[in-house]
Amino acid sequence: MSACLVSEEPVLDAETGKARPLKAPAYQSCPVEDDGALSDDCTMLSVERLDGGLYRLTDNSEAEEVSEWRFRRIARGGYAAQVYDGDGYSYYYALVERGRIAMVFMQCASLPAGLRARLISEGGLEPENDGYDTCIVVTRAALVAAARAYHSGEAVDEDPFATVLTPAPGGAG
């Protein structure tokens, strides 16, 4: 994945990432296609709510991959999301509307140039190269600012990566 926001250490913890936008015990996760339609290639996710706002999600496919998610509310219906998949942390903007949650993979190069420059100069983001292919998120303030740029529509992805979570039919995982 190019132009992403990542970190090796978590930016959100039990105090700063305890929002609980996931309500159902299971969700269907469907990628968003280039034309904006939802893909038919969906997976079922079981959701376990743990203490301190941590969610453990299990992909119910044959691989049964497990990831840990945290959310921080940044605006009405908008969240910064931290996803740990065993290989480091990735950051998403999550928009909750009508029971659905759209998860958009935040991309460093998509942030407004002025905001990105300010976050880098303040030490909140560390670019891995001049093309902003990957930026390391260092501070919670930088993560929140990036998510707010997505929420306000100021961050525009040339090649977005998004998925939509909807409660699983019957709540079954």
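Residues numbered from 1 in each chain as written. Predicted model: local features only at pLDDT ≥ 70, side-chain atom pairs only at ≥ 80, totals over all residues. Heavy atoms only, no water.

A.B. asks: Hey, could you run me through the state of the cysteines in this one?
C.D. replies: Any covalent bond linking the sulfur atoms of two cysteines counts as a disulfide. Per the stated rule, a full pass over the model turns up 2 disulfides. The disulfide partner of Cys30 is Cys42, and the S-S distance across this bridge is 2.0 Å. Handedness of the Cys30-Cys42 disulfide follows from its S-S torsion of about 115°: it is right-handed. Pair noted here: Cys30 is in strand β2 (residues 26–31) and Cys42 is in the loop between β2 and β3 (43–49), with a separation of 12 residues, a long-range link. For Cys42, a relative accessible area of 25% translates into the label partly exposed. Here Cys108 pairs with Cys135 through a disulfide, and the sulfurs are 1.9 Å apart. (Disulfide = S-S within 2.5 Å. Helix = DSSP H or I, 4+ residues; strand = E, 2+ residues; numbered from the N terminus. Buried < 20%, exposed > 50% of the residue type's maximum accessible area, 1.4 Å probe, protein only.)

A.B. asks: Could you clarify how one ought to interpret the pattern of salt bridges in this entry?
C.D. replies: Any two side chains of opposite charge can pair, given that their charged atoms come close. Scanning the entire structure with this criterion turns up 4 salt bridges. For Glu15, the salt bridge goes to Lys18, with nearest N and O atoms at 3.9 Å. For Glu15, a relative accessible area of 59% puts it in the exposed group. In this structure, Glu68 and Arg56 form a salt bridge, with 3.5 Å as the shortest nitrogen-oxygen distance. Remark: Arg56 occurs in strand β4 (residues 55–59) and Glu68 occurs in strand β5 (residues 66–75); sequence separation between them is 12 residues. Residue Arg56 is classed as partly exposed on the basis of its relative accessible area of 29%. Through salt bridges that share partners, Glu48, Arg56 and Glu68 make up one connected network. (Salt bridge = Lys/Arg side-chain N within 4 Å of Asp/Glu carboxyl O.)

A.B. asks: What exactly am I supposed to notice about the environment of Phe105 here?
C.D. replies: Relative to the assigned elements, Phe105 resides in strand β8 (residues 100–105). Distance in space between the C-alpha atoms of Phe105 and Phe161 is 5.6 Å, their sequence separation being 56 residues.

A.B. asks: Could you clarify how one ought to interpret the nonpolar core in this entry?
C.D. replies: Soluble globular proteins: nonpolar side chains tend toward being buried together. Ranked by size, the top nonpolar core spans 27 residues in total, and within it Leu5, Tyr91, Met106, Leu125 and Leu143 carry the most contacts. When contributions to this core are tallied by element, the ones reaching two or more residues are β7 (89–97), α1 (113–121), β10 (134–137) and α2 (140–151). Once you skip the residues sitting within four places of it in the chain, Leu143 turns out to touch Val11, Leu12, Ala80, Tyr91, Met106 and Val137. Residues Tyr27, Val47, Val83 and Tyr92 belong to the second largest nonpolar core, which totals 20 residues. (Core = buried A, V, L, I, M, F, W, Y, C linked by side-chain atoms within 4.5 Å. Contact = heavy atoms within 4.5 Å.)

A.B. asks: So what exactly am I meant to see when it comes to the pairing of strand β6 (residues 78–84) here?
C.D. replies: Regular strands place their side chains on alternate faces of the sheet. Of all 7 residues in β6, 6 are buried, a share of seventy percent or more. As paired elements, β5 and β6 share 7 bridges and run antiparallel to each other. Across the sheet, residue Arg73 finds its bridge partner in β6, namely Tyr79. Hairpin connection of β5 to β6: 2 residues between the antiparallel strands, including Gly77 at a positive phi of 80°. Sheet topology places β6 next to β7; 7 bridges connect them, and they run antiparallel. Counterpart to Gly78 in the pairing with β7 is Leu95. Once β6 ends, the chain turns through 4 residues before running back antiparallel as β7, passing Gly86 with a positive phi of about 90°. (Pairing = 2+ DSSP bridges.)

A.B. asks: Explain α1 here, please?
C.D. replies: Residues spaced three or four apart along an α-helix face the same direction, because each turn holds 3.6 residues. Three or more residues of α1 are buried, namely Leu115, Arg116 and Leu119. Summarising the axial view, the buried residues of α1 lie within an arc of 100°, below the 170-degree limit, and thus occupy one face. Along α1, exposed side chains directed more than 90 degrees from the buried face belong to Ala113, Gly114 and Ser121. Against β9 (125–127) and α2 lie the buried residues of α1. Where α1 terminates, the next one or two residues include Gly123, which has phi positive at roughly 85°. (Arc of directions from axis to C-beta.)

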